[in-house]
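Structural characterization, general
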Amino acid sequence: MQTWRNLLKKSISTVTDLPLELRPNQERINKVIKQYPMRINSYYLGLIREKNDPLWKQAVPDIREIQDQVCMPDPLGEEDLSPVPNLIHKYPDRVLFLVTSQCAMYCRFCTRKRKVGTSEMAITKKTIRAGLDYIRQTPQVRDVLVSGGDPLLLDDEILDWILSSLRSIPTVEIIRIGSRAPCTLPMRVTTRLVKILKKFHPLYINTHFNHPDEITPEASLACTRLADAGIPLGCQTVLLRGVNDHPETMQELMRKLLMIRVKPYYLFQADLTLGTDHFRTPIETGLKIMKSLIGYTSGLGVPTYAVDAPGGGGKIPLTPNYVQKLGDQLMFTNYCDQTCIYKNAKK
Ligand SMILES: *Cc1c(COP(=O)(O)O)cnc(C)c1O
Ligand code: SF4
């Protein structure tokens, strides 16, 4: 069996499997796990330094997950936007195609918490075929985001089948894979996998790192292999209370991502997902972090801060305000608060 399969098999899924010093002290935590599964593989477990640290918070269940009175099970209205199960068609030219319910770790803040890793997310070859049929019959779809769950948790052969089926559809221009495996189980990125992936260019991968401690030699090797295969790498970080909600943490994360050839793509405001309210920060926190990045670090290391509109409206970019109207002139403020007046051109 491959190393990554072995690691995954030995994942921790109950509180009593956790080392004593990492166990949450609440008693009813088993109730949380019953509703929202726990999976921490030994690689990610090894990165946790201590209880309550930023990696621990992402991985270990919290009683607040079942006490949330604020959020909604499906805040992005994904179920209503699915013409066939497990395929979300929200934007004119692209779809989100869910091909597995499994992940290398179940992140406590997950937007699809209502179903990842549970029987609520029934994905079979049949549902995948139905998704492929929809894409084939919908020629305005030119960009397919293969997601889940984590598509890289599928076996090489299944992934090969899905990607080659997509590539055989002439109207599909680009394929993207959304995967947290380079962060949570980097040994999944084997040379064999990469050999398969590179057959399907133009192929993009958006991965998901949230904290500088996740950028390890193993993660770096996984990203090197993917980048060397010509796959452009992006990162979709989620802004999380107590994990990465300080400017210094985010600056370090963005710089370290660029060092492993991953371009920060989105910084997401945490969604209003039931069971995750304790992870949300005010929008002001995100704007302050953006202000600490723009101008202070490489433009390459500045993601787009976005909130995914509740109800399915799509992603809305949020930017600190650098422009003020003064009559028919504009006043610009730069990153370090110097202003200049700009005479606008006539319409
Ligand atoms: C995020 C998302 C996309 C892709 O959006 P981009 O801004 O192109 O990255 C597509 N479909 C759905 C349903 C999404 O949530
Ligand atoms: S890897 Fe992604 S889909 Fe899976 S639990 Fe984490 S956030 Fe959710």
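Please refer to the structure placed before this passage.
Just so it is clear, the model here is predicted, and its values are computed rather than measured.

**Notes on helix H11 (residues 283-293)**
- Among all positions in H11, only Thr285, Gly286, Ile289, Met290, Ser292 and Leu293 are buried. End-on, the buried residues of H11 take up no more than an arc of 160°, which puts them together on one face. Looking at H11, the residues exposed on the side facing more than 90 degrees away from the buried face are Glu284 and Lys288.
- Each element contacted by the buried residues of H11 is listed here: strand E6 (233-239), helix H10 (247-259), strand E7 (263-269) and strand E8 (304-309).

**Notes on the site of ligand 1**
- Neighbouring ligand 1 are Ile88, Lys90, Tyr91, Arg94, Leu96, Leu145, Arg176, Tyr265, Tyr266 and Lys315.
- In the model, an oxygen atom of ligand 1 is placed 2.8 Å from a nitrogen or oxygen of the Arg176 side chain.
- With respect to ligand 1, the side chain of Lys315 contributes an N or O atom lying 3.1 Å from an oxygen atom.
- Relative to its unbound accessible surface of 380 Å², ligand 1 loses 91% to contact with the protein.
- If you list the elements that add at least two residues to the shell around ligand 1, you get strand E1 (87-91), strand E2 (94-98) and E7.

**With respect to the sheet that holds strand E12 (residues 339-343)**
- The 3 strands are arranged E10-E11-E12 in an open sheet whose pairing can be described as antiparallel. Sheet topology places strand E10 (323-326) and E12 at the edges, where each strand pairs with a single neighbour. With strand direction ignored, the average angle separating the axes of adjacent strands in the sheet is 30°.
- Alignment of E10 against strand E11 (residues 329-333), held across 4 bridges, turns out to be antiparallel. From the neighbouring strand, Lys325 faces E11, where its bridge partner is Leu330.

**Observations concerning the side chain of Ser147**
- In this fold, Ser147 is placed in strand E3 (residues 143-147).
- If we ignore the near neighbours within four places in the chain, the residues touching Ser147 are Leu96, Phe97, Leu98, Val99, Thr100, Arg112 and Gly178.

**A few points about the pattern of salt bridges**
- Under the counting rule described, the total for this entry stands at 25 salt bridges.
- Between Arg94 and Asp93 there is a salt bridge, with the nearest N and O atoms lying 2.8 Å from each other.
- For Lys256, the salt bridge identified is with Glu252, shortest N-O distance 2.9 Å. Remark: Glu252 and Lys256 occur in helix H10; sequence separation between them is 4 residues, near one turn of the helix.
- Judged by relative accessible area, which is 32%, Lys256 ranks as partly exposed.
- Take Glu252: its relative accessible area is 30%, and that puts it in the partly exposed class.
- Several salt bridges converge on common partners, so that one network encompasses Asp74, Glu78, Glu79, Arg112, Arg114 and Lys115.

**Some details on unusual backbone geometry**
- The omega torsion of the bond from Gly148 to Gly149 falls at 20°, within 30 degrees of zero and hence cis.
- Its location among the elements puts Gly149 in the loop between E3 and helix H6 (156-167).
- Look at the link from His201 to Pro202: it is a cis peptide, with omega at -5°.
- Within the fold, Pro202 resides in the loop between helix H8 (191-197) and strand E5 (203-207).
- Positive phi values are uncommon outside glycine, yet Asn52 reaches one of about 70°.
- You will see that Asn86, though not glycine, has its phi angle at about 65°, which is positive.
- Mapped onto the fold, Asn86 is located in the loop between helix H4 (54-59) and E1.
- In this structure Asn86 comes out as buried when scored by relative accessible area, which is 8%.

**Comments concerning H6**
- Helix length check: H6 (12 residues) gives 16 Å between terminal C-alpha atoms against 16 Å at 1.5 Å per residue, within 8%.
- Turning to H6, its buried residues number three or more, namely Asp156, Leu159, Ile162, Leu163, Ser165 and Leu166.
- The elements touched by buried residues of H6 are E2, helix H5 (125-137), E3, strand E4 (174-178) and H8.

**Overview of the packing of aromatic side chains**
- Inspection of every chain in the model, using the stated rule, returns 5 aromatic pairs.
- A ring pair is formed by Phe332 and Tyr342, whose centres lie 5.2 Å apart and whose planes are at 40°; its orientation type is tilted. With Phe332 in strand E11 and Tyr342 in strand E12, this pair connects stretches of sequence that are 10 residues apart.
- Taken together, the ring pairs connect Tyr265, Tyr266 and Phe268 into an aromatic cluster.

Rules used throughout
- Residues numbered from 1 in each chain as written.
- Chains lettered and ligands numbered in written order.
- Predicted model: local features only at pLDDT ≥ 70, side-chain atom pairs only at ≥ 80, totals over all residues.
- Heavy atoms only, no water.
- Buried < 20%, exposed > 50% of the residue type's maximum accessible area, 1.4 Å probe, protein only.
- Helix = DSSP H or I, 4+ residues; strand = E, 2+ residues; numbered from the N terminus.
- Arc of directions from axis to C-beta.
- Contact = heavy atoms within 4.5 Å.
- Near = heavy atom within 4 Å.
- Polar contact = N/O pair within 3.5 Å; in protein donor to acceptor, adjacent residues only side chain to side chain.
- Areas by Shrake-Rupley, 256 points an atom, 1.4 Å probe, with all protein chains shown as cover.
- Pairing = 2+ DSSP bridges.
- Axes fitted to C-alpha atoms, helices over the stretch in contact; angles between N-to-C directions.
- Salt bridge = Lys/Arg side-chain N within 4 Å of Asp/Glu carboxyl O.
- Expected span 1.5 Å × (residues − 1).
- Phe/Tyr/Trp six-rings, centres within 6.5 Å; stacked < 30°, edge-to-face > 60°.

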